[in-house]
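Residues per chain, in single letters:
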Protein chains: 2
Amino acid sequence: MIIGCGAASISAAIAARKTDPDAEITMISRDHYTAYARCGLPFALAKEVPSFEALVDFPMDFYEQMGFNLKPESTVTDVDAKQKRIEFESKKGKETLTYDALIMATGADPIFPPIKGSEKKGIFKLRTIDDGKAIDQAVSKSKKALVVGAGLIGLEVADALVRRGLKVTVVELLPQAVRPLLDEDFAEMVHKRVTERGVRLILNHAADEFLGGDKVEAVLVGGEKIPTDFVVMTIGVRSNTALAQKIGAELGVTKCIRVNSRMETTVKDVYACGDCVESRHLVTGLPSVSQLGTTANRQGKVAGVNAAGGYSVFPGVLSTSVTKFFDMEIGYSGLTEWQAKLAGIEPIVSSVSWKTRAHYHPEVKDMEVKMLFDPDLGVVIGGQIIAGESVAMRINLLSVAISNRMTAFELAKIDAGYAPPLNDAVEPIAMAAESAVKSLKAT
Amino acid sequence: MIIGCGAASISAAIAARKTDPDAEITMISRDHYTAYARCGLPFALAKEVPSFEALVDFPMDFYEQMGFNLKPESTVTDVDAKQKRIEFESKKGKETLTYDALIMATGADPIFPPIKGSEKKGIFKLRTIDDGKAIDQAVSKSKKALVVGAGLIGLEVADALVRRGLKVTVVELLPQAVRPLLDEDFAEMVHKRVTERGVRLILNHAADEFLGGDKVEAVLVGGEKIPTDFVVMTIGVRSNTALAQKIGAELGVTKCIRVNSRMETTVKDVYACGDCVESRHLVTGLPSVSQLGTTANRQGKVAGVNAAGGYSVFPGVLSTSVTKFFDMEIGYSGLTEWQAKLAGIEPIVSSVSWKTRAHYHPEVKDMEVKMLFDPDLGVVIGGQIIAGESVAMRINLLSVAISNRMTAFELAKIDAGYAPPLNDAVEPIAMAAESAVKSLKAT
């Protein structure tokens, strides 16, 4: 029995099916769409992806072929973990089913702080295809928009709206954009680019009030009334843990569901995975929140195997992330400088400004690489990359290096391939590592 | 004292300078150009890079600033390793210099087999800027060309000539293209693409004779006279070891100069690096030839540090390679299947056909990934990737995984980041590893 139909759920269902060809697998979904690529929503909004429907990963007949009993538009109303029984409600009324193993992939919902005027029309979130379509409709009738929150999704949305021809304002409470992924120095490059592209970026401010009549017409920010045709709230998400708490499953210090490495909750035969759980950070060993589609996929697979009677473990997270907005690619893995310091590590920081291709290639673009090393162990613990291209696989290389606890000495000597149209003969990751070696020797 | 002015030499010179700010550093170069990016020659020929001169990495004043005493257009005529004396000849006549440490970065020269008619005009190699310019001149007066050798450079040249509007024939003695990097199944994809782009690819055949008058007019291949306006020979290169042999430095089984991990030859105070040396393969531990610019850079650095009195070691090679031709990117690291078998390893092979971006992204391209695992140790020992994009950094990730001796189990669980316009949520390297895990469990 799987609650949810997102990345974690679908990965769990497929893994369970592979583990036990005869298992009865039921998926209970709030949405009327079958599982879709949530990360693609801003790109569909930008019209870079042809339609929101294109994001649907598997058609209905996939569920039939796989023997997944999908219950769409259904809300779980009760779970009895002693009787191993679940109750849910759909248009057809209430239904009760029993389970041998339960997987909670209840996900997370957008945070919506209690701002005055929040009840007005024209204030959107972007979490579902329906959300995306609602914003899309608003775009076609609008000239200006305001985005609250300058995280990854906020800036992906801002980029989409700019590409759709709108005048965009972004309001961020923190002193920098994309705080979970970037240190101030790297965020500065984002601020510069976003501003160059015509976005008004307001840092250190909240949206204090939504103004207007029935529909939002302006947002009060630090005493200024900023006129807007609509608002998109992208402050972040909060784990859905109510059901888990109801059955007595423990939460961790992060207020997400506590699980062990087999994705078992503290309640017998109840697993959890995806945005609703607490993860262990691979560098610090500390509890960590990793609300990413990739983490959900990997955790879902482990939960599915175990729930179906197999054995699988989830090693932990580096929360490797990457995206593209305003023609810049941004990648992150492991720890930022501020995260390292929060964990008590005073890292050796090594930054390199380099090029994405041979310097003489006409399409060469700039690249900034920042790497963090543990000063006592000499191992790489984190990295940030901003470049015009080739960030995704480079940050994944760094992720592999971090999980292998590679030292700066080793990273300085990697056997990297090169071709003038694809990258430079000198790999900036190796170069940054080499410079860290000097710092290590000097400590 | 450094003999040569290529990738290995310049890396050695820079490393020596960093190690000893006061060292007297002399570089003796056959070429009249200062060090340039040899790997860029086919791309300059294609006009993708604006000019051959653009490939020159450092202007003359860089040598002055760094205190490198460059002797251009000079040929070393004698080395006395006992007296630590070197004799060379230039337009200015003969000169003799003494050294404390000698670095032989004598490189490799194109192989030119004794084919009848080789003395005719219009038969080129592509090793130097002058070679490139000579071909470039021939292109502007020609309609058809024939390339002998379907290795990386041969196909890069073929692509360049096709882009310049020529009708191109490629003749290869082996039954497949790019033998050092690809197994037959992957080479098959190259054959298909090259042929689709209008190249006539003749495998299993040599160029038997060059026909014509003063100038080549046709090539005899398997009894057929193939008319051509010029020929480019790209059969491969052979290490320049004559000077090393002259002073009694041992060669290895590969007929390249034997060195230890500090890049010392068997002659006291004589180092060697780059295309002229034998390397140790990181997977097999066996002698290996790795005639790549990247290997030369890394080895040169080690030789330079040691020659200047520092301490540095070269760990060995995976010969990670990547290139782009005919709009396909090709990458390789570690061992191919045939190389593994030659080393006595019967590998577990895992191949995946996947996509470079989210399946719904309009610019998504095909990707083929093949990975090899040691069946007894479970570790990854090699990989090949062919795709429309994003191969370079993915093969470098694989190189890092191989050098870390990562198991299939570990690789199946890497924390890879993802964004729909940049890659797919499921990383094909992890997927191929997962499938190898099944094979490992079944053995």
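Conventions used here
Residues numbered from 1 in each chain as written. Chains lettered and ligands numbered in written order. Predicted model: local features only at pLDDT ≥ 70, side-chain atom pairs only at ≥ 80, totals over all residues. Helix = DSSP H or I, 4+ residues; strand = E, 2+ residues; numbered from the N terminus. Rg over C-alpha atoms; globule rule 2.2 N^0.38 Å. Buried ≥ 20, exposed ≤ 12 C-beta atoms within 10 Å, placed from the backbone. Contact = placed C-beta atoms within 7 Å. Nonpolar A, V, L, I, M, F, W, Y, C, P; charged D, E, K, R; others polar. Core = buried A, V, L, I, M, F, W, Y, C linked by C-beta atoms within 7 Å. Domains from an automatic or database assignment. Pairing = 2+ DSSP bridges. Axes fitted to C-alpha atoms, helices over the stretch in contact; angles between N-to-C directions. Left-handed = near helix turned anticlockwise from the far one by under 90°. Least-squares fit on C-alpha atoms with pLDDT ≥ 70 in both. Expected span 1.5 Å × (residues − 1). Arc of directions from axis to C-beta.

Overview of the overall build of chain A
Part 1 of the argument: Along chain A, the regular secondary structure elements total twelve helices and 25 strands.
Part 2 of the argument: The C-alpha radius of gyration computed for chain A amounts to 23 Å, which stays within 12% of the reference 22 Å derived for 443 residues, consistent with globular compactness.
Part 3 of the argument: By the burial criterion, 54% of the 443 residues in chain A qualify as buried.
Part 4 of the argument: When contacts within chain A are restricted to residue pairs at least 6 apart in sequence, long-range pairs at least 24 apart make up 64% of them.

A short note on the interface of chain B and chain A
Part 1 of the argument: Taken residue by residue, the interface counts 53 residues in chain B and 53 residues in chain A.
Part 2 of the argument: Contributions of two or more residues to the side of chain B that touches chain A are made by α8 (293-307), β21 (321-325), β22 (328-334) and α10 (392-403) of chain B.
Part 3 of the argument: Sort the elements by how many residues they give to the side of chain B that touches chain A and α10(B) lands first, with ten residues.
Part 4 of the argument: Across the side of chain B that touches chain A, the residue classes break down as 29 nonpolar, 17 polar and seven charged.

Concerning the nonpolar core
Part 1 of the argument: Residues A:Ile103, A:Met104, B:Ile103 and B:Met104 are the most contacted members of the largest nonpolar core, which totals 307 residues.
Part 2 of the argument: If near-sequence neighbours (up to four positions away) are discounted, A:Met104 is found in contact with A:Ile3, A:Leu243, A:Ala244, A:Ile257, A:Val270, A:Tyr271, A:Ala272 and A:Cys276.

Some points on the domain arrangement of chain A
Residue and element names in this part refer to chain A.
Part 1 of the argument: Taken domain by domain, chain A holds domain 1 (2-41 + 52-108 + 238-307), domain 2 (112-233) and domain 3 (327-442).
Part 2 of the argument: Computed over C-alpha atoms, the centres of domain 1 and domain 3 are 35 Å apart.
Part 3 of the argument: Taken together, the contact pairs four residues of domain 1 with six residues of domain 3.
Part 4 of the argument: Looking at side-chain class alone, the side of domain 1 that touches domain 3 contains three nonpolar, one polar and no charged residues.

Let's talk about the environment of A:Glu337
All names here are of chain A.
Part 1 of the argument: Turning to its location among the elements, Glu 337 is positioned in helix α9 (residues 337-342).
Part 2 of the argument: For the pair Glu 337 and Pro 347, spaced ten residues apart in the sequence, the C-alpha separation amounts to 7.0 Å.
Part 3 of the argument: Once residues lying within four places of it in the same chain are set aside, the contact partners of Glu 337 are Asp 183, Pro 347, Val 349 and Leu 372.

Here we look at the pairing of strand β24 (residues 366-373) of chain A
Residue and element names in this part refer to chain A.
Part 1 of the argument: Of all eight residues in β24, six are buried, a share of seventy percent or more.
Part 2 of the argument: Strand direction decides the pairing type here: strand β23 (residues 348-355) and β24, joined by eight bridges, are antiparallel. Note on β24: the bridge partner recorded for Val 349 is Leu 372.
Part 3 of the argument: Inspection of the sheet shows β24 paired to strand β25 (residues 380-387) by seven bridges, in the antiparallel sense. Considered in β25, the bridge of Leu 372 is made with Gly 382.
Part 4 of the argument: Connecting the antiparallel pair β24 and β25 is a turn made up of six residues, with Gly 378 showing a positive phi of about 80°.

A closer look at the packing of helix α1 (residues 7-19) of chain B against α8(B)
All names here are of chain B.
Part 1 of the argument: Contact geometry for α1 and α8: axes closest at 7 Å, N-to-C directions at 35°. The two elements α1 and α8 cross, and the hand of that crossing is right-handed. Counting all contacts with α1, which are made through Ala 7, Ala 8, Ser 9, Ser 11, Ala 12, Ala 13, Ile 14, Ala 15, Ala 16 and Thr 19, the residues of α8 involved are Gly 293, Ala 296, Asn 297, Gln 299, Gly 300, Lys 301, Ala 303, Gly 304, Val 305 and Ala 307.
Part 2 of the argument: Residues belonging to the contact of α1 with α8 are distributed by class as follows: eleven nonpolar, eight polar and one charged.

Things to note about the relation of the copies chain B and chain A
Part 1 of the argument: When chain B is fitted to chain A, the residual RMSD is 0.0 Å, and the transformation amounts to a turn of 180° plus an axial shift of 0.0 Å. The operation mapping one copy onto its partner corresponds to a two-fold rotation axis. Closest approach to the rotation axis within chain B is made by the C-alpha atom of B:Leu397, at a distance of 2.3 Å.
Part 2 of the argument: Taken together, the interface assignments show that 100% of the residues at the interface of chain B recur at the interface of chain A, consistent with an identical surface on both copies.

Topic: unusual backbone geometry
Part 1 of the argument: Even without glycine at this site, A:Ser390 takes up a positive phi of about 55°.
Part 2 of the argument: Among the structural elements, A:Ser390 can be located in the loop between β25 and α10 (392-403).

Here we look at the sheet that holds strand β15 (residues 224-227) of chain A
Residue and element names in this part refer to chain A.
Part 1 of the argument: Spatially, three strands are ordered β13-β14-β15 in an open sheet, and the strand pairing comes out antiparallel. At either margin of the open sheet sits one strand with a lone partner, and together these are β13 (209-212) and β15. Adjacent strand axes in the sheet meet at a mean angle of 35° when their direction is disregarded.

Considering the environment of A:Ala37
Part 1 of the argument: Within the element layout of this structure, A:Ala37 appears in the loop between β2 (25-28) and α2 (41-45).
Part 2 of the argument: The exposure class of A:Ala37 is buried, given the 25 C-beta atoms found within 10 Å.
Part 3 of the argument: Sequence-wise, A:Ala37 and A:Leu282 are 245 residues apart; in three dimensions their C-alpha atoms are separated by 26 Å.
Part 4 of the argument: Setting aside anything within four residues of it in sequence, one finds A:Ala37 in contact with A:Leu55, A:Asp57, B:Ala358, B:Pro420 and B:Ala425.

Examining the sheet that holds strand β5 (residues 85-90) of chain A
Residues and elements named next belong to chain A.
Part 1 of the argument: Read from one edge of the open sheet, three strands run β4-β5-β6, paired in antiparallel fashion. Each edge of the sheet is formed by a strand with only one pairing partner; in this case those strands are β4 (75-80) and β6 (93-98). The mean angle between the axes of side-by-side strands here comes to 20°, regardless of whether they run parallel or antiparallel.
Part 2 of the argument: Bridge analysis of β5 against β6 gives six bridges, and the strand direction is antiparallel. In the strand pairing of β6, Ile 86 is matched with Leu 97.

Focus: helix α12 (residues 428-442) of chain A
Every α-helical turn comprises 3.6 residues, leaving residues that sit three or four positions apart pointing alike.
Residue and element names in this part refer to chain A.
Part 1 of the argument: Here α12 spans 21 Å end to end across 15 residues, near enough to the 21 Å set by a 1.5 Å rise per residue.
Part 2 of the argument: Every buried residue of α12 is listed here: Pro 428, Ile 429, Ala 430, Ala 432, Ala 433, Ala 436, Val 437 and Leu 440.
Part 3 of the argument: Against β23, β24, α10 and α11 (408-411) lie the buried residues of α12.

Here's the deal with the environment of A:Met66
All names here are of chain A.
Part 1 of the argument: Tracing the backbone through its elements, the reader meets Met 66 in helix α3 (residues 60-66).
Part 2 of the argument: The exposure class assigned to Met 66 is partly exposed, which follows from the 16 C-beta atoms found within 10 Å.
Part 3 of the argument: When the C-alpha atoms of Met 66 and Asp 374 are compared, they prove to be 46 Å apart, with 308 residues separating the residues in sequence.
Part 4 of the argument: For Met 66, the contacting residues outside a window of four places in its chain are Ile 14 and Arg 17.

A few points about helix α6 (residues 184-196) of chain A
Residues and elements named next belong to chain A.
Part 1 of the argument: Taking 1.5 Å of rise per residue, 13 residues should cover 18 Å, and α6 covers 18 Å from first to last C-alpha, within 8% of that figure.
Part 2 of the argument: Along α6, the positions that sit buried rather than exposed are Phe 186, Ala 187, Val 190 and Val 194. Viewed end-on, α6 has its buried residues packed into an arc of 100°, placing them on one side of the element. Within α6, the exposed residues directed more than 90 degrees away from the buried face are Lys 192 and Glu 196.
Part 3 of the argument: At its buried positions, α6 is contacted by α5 (152-163), β12 (200-202), β24 and β25.
Part 4 of the argument: Residue Gly 198 follows α6 closely and has a positive phi angle near 90°.

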